[in-house]
Amino acid sequence: SGVVKTLTYEELNDFLVQQRSKGSDEVFLIEVERHARFSYPISTFILTIIGVALASRKVRGGMGMHLGLGITLCFGYIMLGRIFEQVALGGTLPPWFAVWLPNLIFAIIAIFVYNKAQK
């Protein structure tokens, strides 16, 4: 499993084909890693939109609540991502769906928070 994280994208794809032909149990792990390499950078963009939208709200009494909400949402994303990663590794959900589902959920939250933000 540690080797999979060090492979380049092309090597990872070749390794996936090789492991599929062998009928290996590591296929789910490789597919999760492959999708995570695109999913995590996009999550940074989504969480940044949420952070900017929350920071743009001006409230009386300070930014404490919005800062706490932002940190809670970030930890929620990380936790949800890890949960769905484990679900994918167990074979319950397709790896692509499990890895991208937290991004989809938090993209909807980002759109909602952005629309509620002061312009």
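Scroll up a little and you will see the structure.
Treat the numbers as computed from the prediction; the structure is a model and nothing was measured. (Residues numbered from 1 in each chain as written. Predicted model: local features only at pLDDT ≥ 70, side-chain atom pairs only at ≥ 80, totals over all residues. Heavy atoms only, no water.)

**Q** What is the right way to read the side chain of Q19 from this model?
**A** Positionally, Q19 belongs in helix α2 (residues 9–22). On the basis of relative accessibility, which here comes to 8%, the residue Q19 falls in the buried class. Separated by 2.9 Å, the side chains of Q19 and S24 make a polar contact. (Helix = DSSP H or I, 4+ residues; strand = E, 2+ residues; numbered from the N terminus. Buried < 20%, exposed > 50% of the residue type's maximum accessible area, 1.4 Å probe, protein only. Polar contact = N/O pair within 3.5 Å; in protein donor to acceptor, adjacent residues only side chain to side chain.)

**Q** Honestly, the packing of aromatic side chains in this entry has me stumped. Any pointers?
**A** Aromatic rings considered in pairs are described by the distance between their centres and by the relative angle of their planes. The full count for this structure, using the stated rule, is 3 aromatic pairs. Their ring planes at 85 degrees and their centres at 5.3 Å tell us that Y9 and F38 sit as a pair that is edge-to-face. Of the two residues, Y9 sits in helix α2 while F38 sits in helix α3 (residues 27–55), which places them 29 residues apart along the sequence. Take Y9: its relative accessible area is 33%, and that puts it in the partly exposed class. (Phe/Tyr/Trp six-rings, centres within 6.5 Å; stacked < 30°, edge-to-face > 60°.)

**Q** Please clarify how helix α5 (residues 95–116) should be interpreted in this entry.
**A** Counting along an α-helix, one turn takes 3.6 residues, and residues three or four places apart therefore face a common direction. Given a rise of 1.5 Å per residue, 22 residues ought to cover 32 Å, and the 33 Å separating the end C-alpha atoms of α5 matches this to within 8%. The largest bend in α5 comes to about 35 degrees, at L101, with the proline P102 one to four residues further on. Turning to α5, its buried residues are P95, A98, V99, L101, P102, N103, F106, A110 and V113. Here the buried face of α5 lies against α3 and α4 (64–89). (Expected span 1.5 Å × (residues − 1). Bend = angle between axes of the 7 residues up to and from the residue. Contact = heavy atoms within 4.5 Å.)

**Q** Got a minute to help me understand the side chain of S39 in this structure?
**A** Its place among the elements puts S39 in helix α3. When neighbours within four sequence positions are excluded, S39 is seen to be in contact with Y77, V99, W100 and N103.

**Q** How should I be thinking about the packing of α3 against α5 in this particular structure?
**A** Helix-helix packing is described using two parameters, namely the angle between the two axes and the distance between the axes. Interhelical geometry of α3 versus α5 gives an angle of 5 degrees and a closest axis separation of 8 Å. With respect to their mutual orientation, α3 and α5 come out roughly parallel. Split by residue class, the contact of α3 with α5 holds 21 nonpolar, 4 polar and 1 charged. (Axes fitted to C-alpha atoms, helices over the stretch in contact; angles between N-to-C directions. Parallel < 35°, antiparallel > 145°, perpendicular 65-115°, else oblique. Nonpolar A, V, L, I, M, F, W, Y, C, P; charged D, E, K, R; others polar.)

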